[in-house]
Each structure stands twice: as structure tokens, then as C-alpha cells.
Amino acid sequence: MGAGVMKKGGGGGRRRRGGKGKHAVMAEINVTPMVDVMLVLLIIFMVAAPMMTVGVPLELPKTAAKAVPTEQEEPLAISLQLDGTISLMNEPVPEEELVNRLRAVSAERESDKVFLRADGGIPYARVVEIMGALNAGGFANIILVTDPGGPTLTGGTAQTGTAAKTGN
């Protein structure tokens, strides 16, 4: 594929045995296969990257809060769906087991930070109940996840922001 044959100058019909012959191998790198492989890998990563986020579909409320800085440890996420389902990361958890699971997770984690994702249609009292369960489970640093572009107190809409921090 990448090697060719280069003819040496000089004539004569004589053949030699041993040593360098009439034809020497010319080494060239053919980059076309390498580019093809790289494009395939790029497409694979472009398709797979959006699937690596927390996958519980919610209609998050919009707010003008600023983004929370990221950390080394993968953030713990609790999701509240409109139908009442509570998910710890992507796994549904019965309400009566939530505090026990949170205590077990809290014992293994360095950070007491948890991201609370709640559908915008859920009553505020329900969100506060889950925040109490998070606190009882050992998480005092609760971050409410929202979508950017919500209303501000001045009457406009903000274009930046994804989370509002609560707690100590």
C-alpha cells in the first residue's frame, strides 16, 4: 500500500545477484487509511458523548443562577420525575429506601455535594421533602439543577446558569 519500487538509473541488461539490485524499495507513508480510521473514531465519539450524561428526562425549571464549578469526583444526582419516581443517578429508588441508600453512598464519598434535579411541575413541598431526606442521608450541600434562560428579578431572562446552590 505505502511502498513502491524506484528504478535506478543506468542501463545494461546485466543482472547482479546479491547487494543492491536495480530496483530499491521506496518507503512512503500513505495517510489515507489513517485519516479514515480517525474520522470513524470521531463519529463514534460524537454519537456516544451525548449518551454519557445523566439520563432521566425531566422538564427542569428555568432560572438565572450561575453554573457551579465542576469537581474531580463524579457528582451524585437525584432526579424527581413528574410521575413521582425518584432516581439515584439513573436507578429508580423506592421512597422508603432512599435515606438508607443515601447513607451508604455518603459513607463512600468524599464530598457531601448532591445535585437535585426536579421536574418543574412538582410541588415545592415535595422538593423540600426530598431535600430533607438528602440531609438525613448525610448530604448537606444540595445543588438545585435548572435550565438556563429563565426569568430574573429585574423582569428579563438570563442566558447563563445551570444550578443554584443551597445549604451551608
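Given the structure is predicted, the values throughout are model-derived calculations rather than measurements.

Calculation notes
Residues numbered from 1 in each chain as written. Predicted model: local features only at pLDDT ≥ 70, side-chain atom pairs only at ≥ 80, totals over all residues. Heavy atoms only, no water. Helix = DSSP H or I, 4+ residues; strand = E, 2+ residues; numbered from the N terminus. Core = buried A, V, L, I, M, F, W, Y, C linked by side-chain atoms within 4.5 Å. Buried < 20%, exposed > 50% of the residue type's maximum accessible area, 1.4 Å probe, protein only. Pairing = 2+ DSSP bridges. Right-handed = clockwise from strand over helix to strand, strands pointing away. Axes fitted to C-alpha atoms, helices over the stretch in contact; angles between N-to-C directions. Parallel < 35°, antiparallel > 145°, perpendicular 65-115°, else oblique. Left-handed = near helix turned anticlockwise from the far one by under 90°. Contact = heavy atoms within 4.5 Å. Nonpolar A, V, L, I, M, F, W, Y, C, P; charged D, E, K, R; others polar.

## What to know about the environment of Ala 77
Point 1. Along the polypeptide, Ala 77 turns up in strand β3 (residues 76-80).
Point 2. Considered as a pair, Ala 77 and Leu 144 are 67 residues apart in the sequence and their alpha carbons are 9.9 Å apart.

## Some words on the nonpolar core
Side chains of nonpolar character tend, in soluble globular proteins, to be buried together.
Point 1. Ranked by internal contacts, the top residues of the largest apolar core, which has 20 residues, are Ile 78, Leu 80, Leu 102, Leu 116, Ile 130 and Leu 134.
Point 2. Of all elements in the fold, only β3, β4 (86-88), α2 (98-108), β6 (113-118) and α3 (124-136) reach the threshold of two or more residues within this core.
Point 3. For this core, the element with the most residues is α3, which contributes 5 residues.

## With respect to the pairing of β6
Point 1. Taking burial as the measure, the 6 residues of β6 include 6 buried ones, the bulk of the element.
Point 2. Side chains Lys 113, Phe 115 and Arg 117 of β6 all project onto a buried face; the interleaved residues Val 114, Leu 116 and Ala 118 project onto the opposite face, where all are buried too.
Point 3. Two strands pair when backbone bridges link them, and β3 and β6 are joined in this way by 5 bridges, in the parallel orientation. Note that in β6 the partner of Ala 77 across the bridge is Phe 115.
Point 4. Pairing between β6 and strand β7 (residues 141-145): 5 bridges, direction parallel. In the strand pairing of β7, Lys 113 is matched with Asn 141.
Point 5. After leaving β6, the chain enters α3 and then returns to the sheet as β7, a path that is right-handed.

## Re the packing of α2 against α3
Point 1. Relative orientation of the contacting elements α2 and α3 amounts to 40°, with a least axis distance of 8 Å. Considering their axes alone, α2 and α3 lie oblique with respect to each other. Relative to α3, α2 is oriented so that their crossing is right-handed. Contacts between α2 and α3 pair Leu 98, Val 99, Leu 102 and Arg 103 from the former with Ile 130, Ala 133, Leu 134 and Ala 136 from the latter.
Point 2. For the contact of α2 with α3, the class distribution of residues is 7 nonpolar, no polar and 1 charged.

Just distances and angles here, no functional claims.
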